[in-house]
Amino acid sequence: MRALAASNNPYGIIPPHLLNRVIQHGNEQQRRRALTTLNLDDGFRGHAARRQADTVHEYHATDDGETPQRHIFDARHGMQLPGEEVRSEGDPEVNDREVNRGL
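Cut-off values and rules
Residues numbered from 1 in each chain as written. Predicted model: local features only at pLDDT ≥ 70, side-chain atom pairs only at ≥ 80, totals over all residues. Heavy atoms only, no water. Salt bridge = Lys/Arg side-chain N within 4 Å of Asp/Glu carboxyl O. Helix = DSSP H or I, 4+ residues; strand = E, 2+ residues; numbered from the N terminus. Buried < 20%, exposed > 50% of the residue type's maximum accessible area, 1.4 Å probe, protein only. Contact = heavy atoms within 4.5 Å. Lys, Arg positive; Asp, Glu negative; His and termini not counted. Polar contact = N/O pair within 3.5 Å; in protein donor to acceptor, adjacent residues only side chain to side chain. pLDDT = per-residue confidence, 0-100.

Asker: I would appreciate a short explanation of the pattern of salt bridges in the present structure.
Answerer: Pairing between side chains of opposite charge can happen when their charged atoms approach one another. The final tally for this structure, using the stated rule, is five salt bridges. Put simply, Arg70 and Glu89 hold a salt bridge, and the shortest N to O gap is 2.7 Å. Residue Arg70 is found in the loop between α3 (28-60) and β1 (71-74), and its partner Glu89 is found in the loop between β2 (84-88) and α4 (97-102); the two are separated by 19 residues along the sequence. Residue Glu89 is classed as partly exposed on the basis of its relative accessible area, which comes to 26%. Each of Asp74, Arg76 and Glu84 takes part in salt bridges that share partners, so that together they form one network.

Next up, the structure:
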């Protein structure tokens, strides 16, 4: 934990089971913040699951049924998903190394 604090990185992932413990045992401010975070997390998970279910055939089905059709999206640190499509199957490489690695 010390290394994480030393990095000055304010972002991290708190598993839902830990947020539930904070809601059960934290002070009022901690409970309120944990509940807000858990509600946001549930919204992300629900939206992503619905989006995936709605689009799985759109993004993975092809005419020949065998060639993958992969698409990479970038939410640009926002909360609106899926974000902007930045590369898809067959497109030339882009300047973002991680996007290229995604394909």
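On we go from here.
Asker: Could you clarify how one ought to interpret the side chain of Asn100 in this entry?
Answerer: Along the chain, Asn100 falls in helix α4. Residues contacting Asn100, with those up to four places away along its chain left out, are Arg87, Glu93 and Val94.

Asker: Teacher, can you tell me more about the side chain of Arg87 here?
Answerer: The topology assignment puts Arg87 in strand β2. No salt bridge forms around the buried Arg87; measuring N to O, its nearest opposite-charge neighbour Glu93 is 5.1 Å away. Only 3.3 Å separates the side chain of Arg87 from the backbone oxygen of Pro92, close enough to count as a polar contact. Here Asn100 takes part through its side chain, which lies 2.8 Å from a polar atom of the side chain of Arg87. Contacts of Arg87, omitting those with residues within four sequence positions, involve Arg70, His71, Ile72, Pro92, Glu93, Val94, Val99, Asn100 and Leu103.

Asker: Help me out: how do you make sense of the environment of Asn27 in this one?
Answerer: Its place among the elements puts Asn27 in the loop between α2 (16-25) and α3. On the basis of relative accessibility, which here comes to 42%, the residue Asn27 falls in the partly exposed class. Only 3.1 Å separates the side chain of Asn27 from the backbone nitrogen of Gln29, close enough to count as a polar contact.

Asker: So what exactly am I meant to see when it comes to the confidence of the model for the chain here?
Answerer: When pLDDT drops low, the exact placement of atoms in the prediction is not to be read closely. Per-residue pLDDT for the chain has a mean of 75; in total, 66% of the residues score no lower than 70. By mean pLDDT, the top-scoring element of the chain is β2 (89), and the lowest-scoring one is helix α1 (residues 2-6) (50). Low pLDDT, under 50, characterises residues 54-59; the stretch is placed with six contacts to residues that sit more than four places away or in other chains.

Asker: Please clarify how unusual backbone geometry should be interpreted in this entry.
Answerer: Trans is the common state for peptide bonds, and a negative phi is the common state for residues other than glycine. With phi around 50°, Arg76 is a residue other than glycine that occupies positive phi space. By secondary structure assignment, the location of Arg76 is in the loop between β1 and β2.

Asker: Sorry if this is basic, but what is going on with the environment of Ile23 here?
Answerer: Looking at the secondary structure, you find Ile23 in helix α2. In sequence terms Ile23 and Arg33 are 10 residues apart; their C-alpha atoms lie 8.6 Å from each other. Excluding residues within four positions of it along the chain, Ile23 makes contact with Arg31, Ala34, Leu35 and Leu38.

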